[in-house]
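# Working through the structure, step by step
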Amino acid sequence: MARNKITVVGAGFVGATTAQRLIEKSLGDVVLIDIVDGMPQGKALDMMQAGPVEGYNGTIVGTNDYADTAGSDVVVITAGLPRKPGMTRSDLLAKNAAIITGITEQVKKHSPNAILVCVTNPLDIMTHLAQQVSGFPHERVFGMAGVLDSARFRAFIAMELNVAPSDVHAMVLGSHGDSMVPLARFSTVSGISIEKLMTPERIEALVDRTRKGGGEIVQLLKTGSAYYAPSASVVAMVKSILLDEKSVLPCCAYTTGKYGLDGVYMGVPCRLGRSGLEEILELELTDAEREALHASAKKINEDIADLAKMA
Ligand code: TXD
């Protein structure tokens, strides 16, 4: 059986770390592509040379030519400009829209059957754009944000309660931005609701830190944004797709009626398998949670309207 082929577009911090995690987990042969001459080639060669030591046998190729990406099963798009301190995700809109459009046209041409996983910010809008430009079915175009936002919430809960991070489960829905919706009610430590383990004030503090989780790291790094947890999150999605694991993960997906949302790309719990996004699962939300989700959808629709005005 032929090995899976995974293309990672953008060989920067998120892209290169994603490629490293994919090859170390032997999820397939990896192609790392960037516009910078030599840089993806150099990083890929370096990762090939780690193979004998780490014990992985897949191949990784760096390139500037989309012909090398032909026939990919999954394409992860991380290319674009990261946020700088003081810059909002929306500031990135115009610049990254042009980048995503160009890339998606190439992906469509060379890998017409690929599943596209978008990572570039502003995430919800770029995912919407990638679907529009590719014309791929919605179940083959989605974005990574909720796994990361939930992982941040999970890490903060684990740190607060001094419990194993892997025992903590959490759901963060909505947009990947200030209007994200961390659902404390659905967050548990080995099945025990965090509402039984923490005061409402502490939960609110962790929710707030989660909402600002990306910004906290940008402030610390000063020259870029997070990439260890983002790459781990996108690889969890790719793994569920390629191994047909059917993991239920919060993803930026095209809504078709669940949660009273229709036709907007935003974070909802999704089952991911070999055909891509197989199902959106619906949680029973309180009125306040539902309102927060709809406010998030409204913000995304406004950004999409802004993008249309720029075109
Ligand atoms: O949760 C999430 N979705 C995110 C999103 C979490 C973390 C980072 N997130 C976003 O990913 C971030 O806001 C950026 O929009 C992207 C990539 O972040 P990264 O930190 O990897 O940025 P880098 O290191 O600047 O890398 C970007 C690379 C760089 O090497 C450029 O040369 C390349 O993108 N680039 C391109 N590659 C291919 N094709 C084109 N057109 C192109 N333009 C730039």
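Just so it is clear, the model here is predicted, and its values are computed rather than measured. (Residues numbered from 1 in each chain as written. Predicted model: local features only at pLDDT ≥ 70, side-chain atom pairs only at ≥ 80, totals over all residues. Heavy atoms only, no water.)

## Describing the nonpolar core
- Grouped together as the largest cluster of nonpolar side chains are 78 residues, with contacts concentrated most on V74, V117, M237 and L272.
- Split by domain, this core shows at least three residues from each of two domains, domain 1 (5–143) and domain 2 (146–310).
- In contact with M237, not counting residues within four places along its chain, are V117, F142, G143, M144, V147, L249, C251 and L272.
- Grouped together as the second largest cluster of nonpolar side chains are 15 residues, F156, I157, A158 and L206 included. (Core = buried A, V, L, I, M, F, W, Y, C linked by side-chain atoms within 4.5 Å. Buried < 20%, exposed > 50% of the residue type's maximum accessible area, 1.4 Å probe, protein only. Domains from an automatic or database assignment. Contact = heavy atoms within 4.5 Å.)

## A look at the domain arrangement of the protein chain
- Once the domains are mapped, the protein chain shows domain 1 (5–143) and domain 2 (146–310).
- Computed from C-alpha atoms alone, the centre-to-centre distance between domain 1 and domain 2 is 21 Å.
- Between domain 1 and domain 2, the contact holds 39 residues from the first and 44 residues from the second.
- Around 3500 Å² of area is buried between domain 1 and domain 2 when both sides are counted, 72% of it from carbon and sulfur atoms.
- Between R274 and D73 there is a salt bridge, with the nearest N and O atoms lying 3.1 Å from each other. (Buried area = accessible area lost by both parts, 1.4 Å probe. Salt bridge = Lys/Arg side-chain N within 4 Å of Asp/Glu carboxyl O.)

## Brief notes about the sheet that holds strand β8 (residues 181–189)
- Strand order in the open sheet formed by 3 strands is β7-β8-β9, and the pairing between neighbours is antiparallel. If you trace the sheet from one side to the other, it starts and ends with β7 (168–173) and β9 (192–193), each paired once.
- Here β8 pairs with β9 via 2 bridges, running antiparallel. Considered in β9, the bridge of T188 is made with S193. (Pairing = 2+ DSSP bridges. Helix = DSSP H or I, 4+ residues; strand = E, 2+ residues; numbered from the N terminus.)

## Focus on the pairing of β8
- Burial runs high along β8: 7 of the 9 residues are buried.
- Between β8 and β9, which pair antiparallel one after the other, the connecting turn spans 2 residues, and S190 there sits at a positive phi close to 45 degrees.

## Considering the side chain of T17
- Here T17 is to be found in helix α1 (residues 13–24).
- Apart from the residues lying within four places of it in its own chain, the contact partners of T17 are G12, Y227, Y228 and S231.

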